[in-house]
Amino acid sequence: MRFCLLIGLVVMLTPGAEVLRITSAGLVSQTPGMSMVEKVEVDLLVPDSDSLPVMPGWPKRVPCSGNFAPNRGVALADLDDDGSLEVIMPSTANQLHVWRHDGSYYPGWPRSMSGMGQYAAAVADVDRDGEFEIAVCTRGMTSGGAVYLFSENGTVKPGWPFTGLVNGNFSDSPTLADLDGDDTLEIIVGERDWPVGHLHVLRHNGTEFPGLWPCSLDHVPAMGAAVGDINLDGQKEIVYASYNSLYVFHPDGTILPGWPQTNPGGGYFSYQSPALADVDQDDTLEIVVAEHRDGQGTYVFRHDGTIQTGWPYPFSRWTYCPPTVADLFRNQDKKILCGLSGIVGGAAYVLYAFDDDGSVLPGFPILQPSGDAAEGNITVADIDGDGDMEVIFTSNLMTTADTLGYLYAVHHDGTPVSGWPLRPHGWTYLNGATVADVDGDDSLDIVSVSADNSSNMVVTIWEAGVPFNRLSWEWPTYQFDMERTGLYQAPSVGIADGERARVHGHRLTVLPNPARAGAWVRLETLDSGPSGFVSLFNLAGARVASLGSEQGQVRLPDDLQAGVYLVSAGKGEFTKLLVQK
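Residues numbered from 1 in each chain as written. Predicted model: local features only at pLDDT ≥ 70, side-chain atom pairs only at ≥ 80, totals over all residues. Heavy atoms only, no water.

**Some thoughts on the overall build of the chain**
Alright, step 1. The helix and strand tally for the chain stands at 0 helices and 43 strands.
Alright, step 2. Expected size for 581 residues packed as a compact globule is a radius of gyration near 25 Å; at 23 Å, the chain falls within 12% of this value.
Alright, step 3. Based on the C-alpha atoms only, the size of the chain along its principal axes is roughly 75 × 50 × 50 Å.
Alright, step 4. Out of the 581 residues in the chain, the part that is buried amounts to 61%.
Alright, step 5. For the chain, the computed accessible surface area is about 19,900 Å², with 51% contributed by carbon and sulfur atoms.
Alright, step 6. Of the side-chain charges in the chain, 33 are positive and 72 negative, and the distance between the mean point of each set is 4 Å. (Helix = DSSP H or I, 4+ residues; strand = E, 2+ residues; numbered from the N terminus. Rg over C-alpha atoms; globule rule 2.2 N^0.38 Å. Buried < 20%, exposed > 50% of the residue type's maximum accessible area, 1.4 Å probe, protein only. Areas by Shrake-Rupley, 256 points an atom, 1.4 Å probe, with all protein chains shown as cover. Lys, Arg positive; Asp, Glu negative; His and termini not counted. Charge placed at Lys NZ, Arg CZ, Asp CG, Glu CD.)

**Quick look at the sheet that holds strand β10 (residues 133–137)**
Note on sheets: strands pair through backbone hydrogen bonds, and any given pair is parallel or antiparallel.
Alright, step 1. Reading across from one edge, β9-β10-β11 is the order of the 3 strands in this open sheet, with antiparallel pairing throughout. One side of each edge strand has no neighbouring strand; the edge strands of this open sheet are β9 (122–124) and β11 (147–151). Taking each pair of neighbouring strands and ignoring which way they run, the sheet shows an average axis angle of 20°.
Alright, step 2. Two strands pair when backbone bridges link them, and β10 and β11 are joined in this way by 5 bridges, in the antiparallel orientation. Residue pairing for β11: Cys137 is matched across the bridge by Val147. (Pairing = 2+ DSSP bridges. Axes fitted to C-alpha atoms, helices over the stretch in contact; angles between N-to-C directions.)

**Let's talk about unusual backbone geometry**
Alright, step 1. A cis amide bond links Trp194 with the next residue in sequence, Pro195, at an omega value of 10°.
Alright, step 2. Inspection of the secondary structure assignment puts Pro195 in the loop between β13 (186–193) and β14 (196–202).
Alright, step 3. The peptide bond linking Leu511 to Pro512 adopts the cis configuration, its omega dihedral lying at -5°.
Alright, step 4. Structurally, Pro512 can be placed in the loop between β36 (508–511) and β37 (515–516).
Alright, step 5. Positioned with a positive phi, Arg293 is a non-glycine residue whose angle comes to about 65°.
Alright, step 6. Relative to the elements of secondary structure, Arg293 occurs in the loop between β21 (286–291) and β22 (297–301).

**Topic: the pattern of salt bridges**
Alright, step 1. Scanning the entire structure with this criterion turns up 12 salt bridges.
Alright, step 2. Of the charged contacts, one joins Arg555 and Asp558 as a salt bridge, the two residues approaching to 2.9 Å between their closest N and O atoms.
Alright, step 3. Ionic contacts of the salt-bridge type, sharing partners, join the residues Asp127, Asp129, Glu133 and Lys157 into one network. (Salt bridge = Lys/Arg side-chain N within 4 Å of Asp/Glu carboxyl O.)

**Points about the sheet that holds strand β31 (residues 407–411)**
Alright, step 1. As summarised here, the arrangement of the 4 strands in space is β31-β29-β28-β35, forming an open sheet in which the pairing is antiparallel. Looking at strand neighbours, the two that pair on one side only are β31 and β35 (473–475), the edges of this open sheet. For this sheet, the mean angle separating the axes of adjacent strands, direction not counted, is 25°.

**A look at the state of the cysteines**
Simply put, disulfide is the name for a covalent bond between the sulfur atoms of two cysteines.
Alright, step 1. What the rule picks out here adds up to 0 disulfides.
Alright, step 2. Just so you know, Cys137 is unpaired, no disulfide at all, and the nearest cysteine sulfur is the one on Cys215, 17 Å from it.
Alright, step 3. Between Cys338, a cysteine without a disulfide, and Cys321, which holds the nearest cysteine sulfur, the sulfur-to-sulfur distance is 4.2 Å.
Alright, step 4. In this structure Cys338 comes out as buried when scored by relative accessible area, which is 0%. (Disulfide = S-S within 2.5 Å.)

**What about the environment of Gln368?**
Alright, step 1. Mapping Gln368 onto the fold places it in strand β27 (residues 366–368).
Alright, step 2. Between the alpha carbons of Gln368 and Ser395 there is a distance of 9.8 Å; along the sequence they are 27 residues apart.
Alright, step 3. For Gln368, the contacting residues outside a window of four places in its chain are Gly346, Ala347, Ala348, Val350, Phe393 and Tyr408. (Contact = heavy atoms within 4.5 Å.)

**Concerning the side chain of Thr298**
Alright, step 1. For Thr298, the position within the fold is in strand β22.
Alright, step 2. Excluding residues within four positions of it along the chain, Thr298 makes contact with Val288, Val289, Ala290, Trp311, Pro312, Tyr313, Phe315, Ile336, Cys338 and Phe354.

**Description of the pairing of strand β43 (residues 574–580)**
Alright, step 1. The element β43 is extensively covered by neighbouring structure, given that 5 of its 7 residues are classed as buried.
Alright, step 2. Where β37 and β43 come together, 2 bridges link them in parallel fashion. If you follow Arg516 over to β43, its bridge partner there is Gln580.

**Focus on the environment of Leu536**
Alright, step 1. Mapped onto the fold, Leu536 is located in strand β39 (residues 533–537).
Alright, step 2. For Leu536 and Leu577, which are 41 residues apart along the polypeptide, the C-alpha to C-alpha distance reads 9.1 Å.
Alright, step 3. What Leu536 contacts, discounting residues up to four positions off in sequence, is Ala542, Arg543, Val544, Ala545, Leu547, Leu556, Leu560, Leu566 and Val567.

**Here's the deal with the nonpolar core**
Alright, step 1. Among the nonpolar cores identified, the biggest contains 69 residues, and Val87, Ile88, Ile134, Leu246, Ile287 and Val459 are the most heavily contacted of them.
Alright, step 2. In contact with Leu246, not counting residues within four places along its chain, are Val239, Tyr240, Ala241, Trp259, Pro260, Gln261, Phe269, Ile287, Val289 and Phe301.
Alright, step 3. Judged by nonpolar contacts, the second largest core, of 60 residues, contains Phe315, Cys338, Val380 and Tyr406. (Core = buried A, V, L, I, M, F, W, Y, C linked by side-chain atoms within 4.5 Å.)

**Notes on the packing of aromatic side chains**
Alright, step 1. In the structure shown here, the tally under the stated rule is 23 aromatic pairs.
Alright, step 2. On the basis of an interplanar angle of 65° and a centroid distance of 5.9 Å, the ring pair of Phe480 and Tyr488 is categorised as edge-to-face.
Alright, step 3. For Phe480, a relative accessible area of 5% translates into the label buried.
Alright, step 4. You can call Tyr488 buried: its relative accessible area is 8%.
Alright, step 5. Feature note: the residues Trp311, Tyr313, Phe315, Tyr352 and Phe354 constitute an aromatic cluster, connected by ring pairs.
Alright, step 6. It is Arg423 that lies over the ring of Tyr406; its NZ or CZ is 4.0 Å from the centre. (Phe/Tyr/Trp six-rings, centres within 6.5 Å; stacked < 30°, edge-to-face > 60°. Lys NZ or Arg CZ within 6 Å of the ring centre and 35° of its normal.)

Any functional reading would require information that these geometric values do not contain.
Here it is as structure tokens:
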């Protein structure tokens, strides 16, 4: 046992500890995403005892491929509208699992798929039938993938699976977004067709979206897509990358001026899905992304393809980490976080936090004495109830003596969180934590995915025992939301103040829907018609109108803009209303 100074603290190290170190094959290898494991000796941090209780019924251990570990974590959704969340996780043993909050299987699950489900699922009401759909991509060793769209009960939706142009691999999470304003969601996926790729935009029925789709890429697909109106033109753009180039597409498949950006800074793209946020507070969105190889580092691009002043920040090693954007200090000033690969045989700086001008924040980067990689998706949330944000990140080490991995957390000033790291079974590498209220008790839960060297995938849920609401988190999961849009959205008043928004439409119905501004609409619930005031919220959670109800009917404001709104008649129940011009 020896001691070292780490982030201003004296910590204990075990020298020469034996661990298994996992890394992942790059995109240009014959088997991209394949796990590579080696036994090494490191100076291992002696952790505090794991102080958080595991939720009853967890962890869940299921088979996965020994060669392809899961990536990017779980999806969560309240499928049966009972106030608790179901846990949705594909596996590389060609299955899709859905569990209730108590660890029992949801009716109809698990389901088999053609190919390995290596990446996190996306979930939303894709066809606006009042039920959730689950979208997941699969892959083979080198080809043979598909895109699935499942109903809540596990049946495959009509028109699916989609097998692409060449039956290629679909090797990241699908992205769900309404690109044409009809309120149904499109499914955006990249297909590998070595040495090039194709970007598909699919309707909810499995057909290709109109326009130039599928669009050809100059190399193999590199990441999940991000979607947002980056230039404030009233349309959502699609941000995507091949191994060589970063693209921005209009909804019709045409490319915006200034794009693509090919090998910026001499770098390449692999697994680092972009984040979209207004970093410089000019209302347009910046694209935050990482690169590896010759130009390895964190980059911030403006909507026109130029690089933001102060960027990129170069790294000394490669990274597969998707950057995270967060108001880390809750002062309306966004920060950027990104991790990078580790080393063998010494300590390494592995997690950076940046100001918007590219300067490194005090307390960062985080030094890992054992050289762990921090390339999983980074989560930002108040996990200890102190009102400040903490940062959760992953590791590519697993101790051989007990086959336990690591999930680390630091405060916003870079100091370690007491009681961490958590010790799930297996590596957390290329996965990240998801925070939510899984069991519906209004307290924060932490969900992790890990895998071991015996072909097991493990999902663990810890109970943090601190309050959970919209003010409890800044970046809760891979690509920010369950639609995997990568679009950062700040907390706002209204729904964000604590009401649980249920938008299935099971308990609250608006008729007619769609409706026009100025029209009378009728609201019905399972209990009775609403009384008192009805509230309208925009999709950012801000209240835009409070309307008096007359015998279950309300009149929409004459000046209500076209778009999708959340309607609340009290009791925490919400449904969606499409307002047309």
